[in-house]
Amino acid sequence: MDPSATGDDCKNKFCVDNLIAARKSLKLSLEKSKTLELALEKAGSRIEEINQRLPSLEAAVRPIRADKDALAAVGGHINRAVGPAAAVLKVFDAVHGLEKSLLSDPKNDLPGYLSVLKRLEEALRFLGDNCGLAIQWLEDIIEYLEDNRVADGRYLLNLKTSLKGLRELQNDGERKHLDGGLLDAALDQLENEFRRLLTEHSVPLPMSSPSLGEQACIAPSPLPVTVIQKLQAILGRLIANNRLEKCITIYVEVRSSNVRASLKALDLDYLEISVSEFNDVQSIEGYVGQWGKHLEFAVKHLFEAEFKLCNDVFERIGLDVWMGCFAKIAAQAGILAFLQFGKTITESKKEPLKLLKLLDIFASLNKLRLDFNRLFGGAACIEIQNLTRDLIKRVIDGVAEIFWEIFVQVELQRQTPPPQDGSIPKLVCFITEYCNKLLGDEYRPILTQVLVIHQSWKHKKFQEMILVNEVLKIIKAVDLNLETWVKAYGDATLSYLFAMNSHWHLYKHLKGTKIGEVMGDAWLKEHEQSKEYYSAVFLKESWGKLPGHLSREGLILFSGGRATARDLVKKRLKTFNEAFDEMYKKQSDWVISERDLREKTCQLIVQAILPVYRSYMQTYGPLVEQDASSSKYAKYTVQGLEQMLLSLFLPRRERYGSFKGSKINNGVDLRRTASAVV
């Protein structure tokens, strides 16, 4: 083998080995570099973490670097701040412990509920009094730590922010921030219980209607004593927490609703009637009577009970409170509607009858005067007082205005024509009855009182006889009217009938009355005599002339034969019938209003005519009966004539028909027949 070739091979092998070794070394170096790189990366993050923790570490070790005296004083400051704060936190825990009890229903155990609520109030007062102290101590320690650089600034900043928020919550005065709204929720529960107790025990009072004359069933007290005591206990806690107004609102709402329900049974829809809905005074007459009874019942029973109950429930709070509460109940329950109805009556059409209704209203108010003064006399009832005073003034003014105008109206009526049928003028009938009422025991004292008040308003002294004297003037004016009307008739006979009617009406309706007593017996006797006089004149000048047509002259001594006698009887009967028919036709529309006078007058007419007619027909009737035209002369039977005369002078409403048709309703023929001569 060539030695040179062997040497080259060895050389090449050595080179390869070196290359392999170098590659391995290089590879190992790269791996170490990567490991170092990874280590450096980890060291960098740790260094960053350390850098971030350095401030807190610095703050942690700062006290070590702080002044020794400052460090020594820190402990005392912290202890003083932590003590009040710990006590406050303990009370907060106690407050949350009451939550379950206070969110339960108070009706199950009201005394227990109120006791727990009182504990909550005490706890909140403690918190309210001590939270500020705890905050102040904490603020002091923060200020100390900050001044002496004993704590980290960022930590102190967080504490300041928290304390600032607590201070703001304390300063706004809202306790709900201290208990999370637990107290308000508990008070709402109590308000609901207050309403429940009132509602469940506020039952409308049973009463009789429409007749209040029957005894109404009224409980001695609207609420049981135990319920009143519970209401007072609830009020105590609600008032302590500034909820009195809400309690009053609930109380007024429930109790006024209860009174309205009680009044509903009385059917008071008429209180809402407006002036335009009244056709005349008669249409309101019944309502005024109801109004007086209903008002008395409402005041003496319903409002009286509410007045007492308000006092019982709110007496511990003060007079102004419970009187104000009662005033609201009265106004909302309907007292204002009663007063408004009275005002509506005063605004209705002015008529004489209205005076009596106004007196009824005054009598009702006067009867309740003491009750009104006691129930509605407080300052809280000023609206009711004003409306009542206004109503009384309107009533008194209205009464006085109508009363003093009656005489004037009677005089004005003198110019009107008298009734065409000779009947009593409505004015006379009305005034006599009306003035008797004014002087009667029912209205005279009231009217006198009203006139006294009205005169005093005008600073005039009331004269004792002013009422009587005014009524006398009115009656004398009526007398003068009658005299004037008697002369106004064109028919003298009708004027006699009218005079007879009028004088008898005054005598009959005023005798034994207050006006009759005032006018005197002589005045009454004069009217009675005048009636008798005009009655006699009326009979003489009218029906008294008819018998003269049935003269027997010439018939007894007549000797000219039967035919001549028959002709003379026919002539006289014809004249009688014509006079009778004419007078009956004329007077069939005349009226005698008083039944006793009418019957007596008719009897006098019958007595004046019938005997003569009967005798004449008995004697001379046979002369004409057999004649073919007998019905023209023997026209009436005695019975028929009597019934016709007795039917005269009836008021229109009593007339059942005319006898001109010769028959009455039962079909009986009143004309004389040939076989029916009496």
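Residues numbered from 1 in each chain as written. Predicted model: local features only at pLDDT ≥ 70, side-chain atom pairs only at ≥ 80, totals over all residues. Heavy atoms only, no water.

Caption draft 1: Just the overall build of the protein, in detail. In terms of helices and strands, the protein carries 24 helices and zero strands. Per-residue burial over the protein gives 42% buried out of 678 residues. With the model as given, the accessible surface of the protein reaches about 37,100 Å², and the carbon-plus-sulfur share is 54%. (Helix = DSSP H or I, 4+ residues; strand = E, 2+ residues; numbered from the N terminus. Buried < 20%, exposed > 50% of the residue type's maximum accessible area, 1.4 Å probe, protein only. Areas by Shrake-Rupley, 256 points an atom, 1.4 Å probe, with all protein chains shown as cover.)

Caption draft 2: Representation of the pattern of salt bridges within the structure. In total, this model carries 32 salt bridges according to the counting rule given. Residue Lys531 is joined to Glu532 by a salt bridge in which the shortest nitrogen-to-oxygen separation is 2.7 Å. The class of Lys531 is buried, set by a relative accessible area of 3%. For Glu532, a relative accessible area of 37% translates into the label partly exposed. Glu599 serves as the salt-bridge partner of Arg595, at 2.9 Å between the closest nitrogen and oxygen. Remark: Glu599 and Arg595 occur in helix α23 (residues 595-625); sequence separation between them is four residues, near one turn of the helix. Each of Asp184, Asp188, Glu191, Arg243 and Lys246 takes part in one network of salt bridges that share partners. (Salt bridge = Lys/Arg side-chain N within 4 Å of Asp/Glu carboxyl O.)

Caption draft 3: Representation of the packing of aromatic side chains in the model. Going through the model one piece at a time under the given rule, you end up with 22 aromatic pairs. Each ring, one from Phe303 and one from Phe376, has its centre 6.3 Å from the other, and the planes form 75 degrees; the classification is edge-to-face. Taken together, the residues span a long stretch of sequence, with Phe303 in helix α10 (residues 281-314) and Phe376 in helix α14 (residues 369-376) at a distance of 73 residues. Taking relative accessible area as the criterion, Phe376 reaches 2% and is therefore assigned buried. On the basis of an interplanar angle of 85 degrees and a centroid distance of 5.2 Å, the ring pair of Phe307 and Phe326 is categorised as edge-to-face. Taken together, the residues span a long stretch of sequence, with Phe307 in helix α10 and Phe326 in helix α11 (residues 319-333) at a distance of 19 residues. Phe307 gets classed as buried once you look at its relative accessible area, which sits at 13%. (Phe/Tyr/Trp six-rings, centres within 6.5 Å; stacked < 30°, edge-to-face > 60°.)

Caption draft 4: Spatial organisation of unusual backbone geometry. You will see that His459, though not glycine, has its phi angle at about 60 degrees, which is positive. Take His459: it is sitting in the loop between α17 (444-457) and α18 (466-486). Judged by its relative accessible area of 76%, His459 is exposed. Its identity is not glycine, yet Phe649 carries a phi of approximately 65 degrees, on the positive side. Relative to the helices and strands, Phe649 resides in the segment after α24 (638-646). Residue class for Phe649 comes out buried when judged on its relative accessible area of 0%.

Caption draft 5: Summary view of the side chain of Ser364. Residue placement: Ser364 occurs in helix α13 (residues 352-367). Residue Ser364 is classed as buried on the basis of its relative accessible area, which comes to 16%. Ignoring anything within four residues of it in the chain, the contact list for Ser364 reads Trp291 and Gly292. (Contact = heavy atoms within 4.5 Å.)

Caption draft 6: Examining empty space enclosed by the protein more closely. For the structure on display, the rule yields three cavities of 30 Å³ or more. In this structure, the largest cavity spans a volume of roughly 40 Å³. In terms of lining, the largest cavity is formed by Leu339, Gln340, Lys343, Leu387, Asp390 and Leu391. Elements with a minimum of two residues in the lining of the largest cavity: α12 (335-346) and α15 (382-413). Tallied by class, residues from the lining of the largest cavity come to three nonpolar, one polar and two charged. (1 Å grid on protein atoms, 1.4 Å probe; cavity = no way out; pocket = protein on both sides within 12 Å on 5 of 7 lines; lining within 4 Å. Points joined across faces, edges and corners; volume = space filled by probe spheres on them. Nonpolar A, V, L, I, M, F, W, Y, C, P; charged D, E, K, R; others polar.)

Caption draft 7: The side chain of Arg572, seen in detail. Structurally, Arg572 can be placed in helix α22 (residues 562-587). Those residues in contact with Arg572 that lie beyond four places of it in its chain are His549, Leu550, Ser551, Arg552, Glu553, Leu555 and Tyr616.

Caption draft 8: Geometry of the packing of α12 against α15. At a minimum axis separation of 9 Å, α12 and α15 run at an interaxial angle of 20 degrees. The angle between α12 and α15 falls in the class roughly parallel. Every pair of crossing elements has a handedness; the one defined by α12 and α15 is left-handed. Counted together, Ile335, Leu336, Leu339, Gly342, Lys343 and Thr346 of α12 and Glu383, Ile384, Leu387, Thr388, Asp390, Leu391, Arg394 and Val395 of α15 form the full contact between these two elements. Classifying every residue of the contact of α12 with α15 by side-chain character gives seven nonpolar, three polar and four charged. (Axes fitted to C-alpha atoms, helices over the stretch in contact; angles between N-to-C directions. Parallel < 35°, antiparallel > 145°, perpendicular 65-115°, else oblique. Left-handed = near helix turned anticlockwise from the far one by under 90°.)

Caption draft 9: Main features of the packing of α13 against helix α16 (residues 426-439). In contact at an axis separation of 11 Å, α13 and α16 are set at 20 degrees when each is read in the N-to-C sense. Looking at the two axes, α13 sits roughly parallel to α16. Between α13 and α16 lies a crossing whose hand is left-handed. From α13, Pro352, Leu353, Leu355 and Leu356 reach across to α16, where they touch Phe430, Tyr434, Lys437 and Leu438. When its residues are assigned to classes, the contact of α13 with α16 shows seven nonpolar, no polar and one charged.

This is a description of form; function is not addressed.
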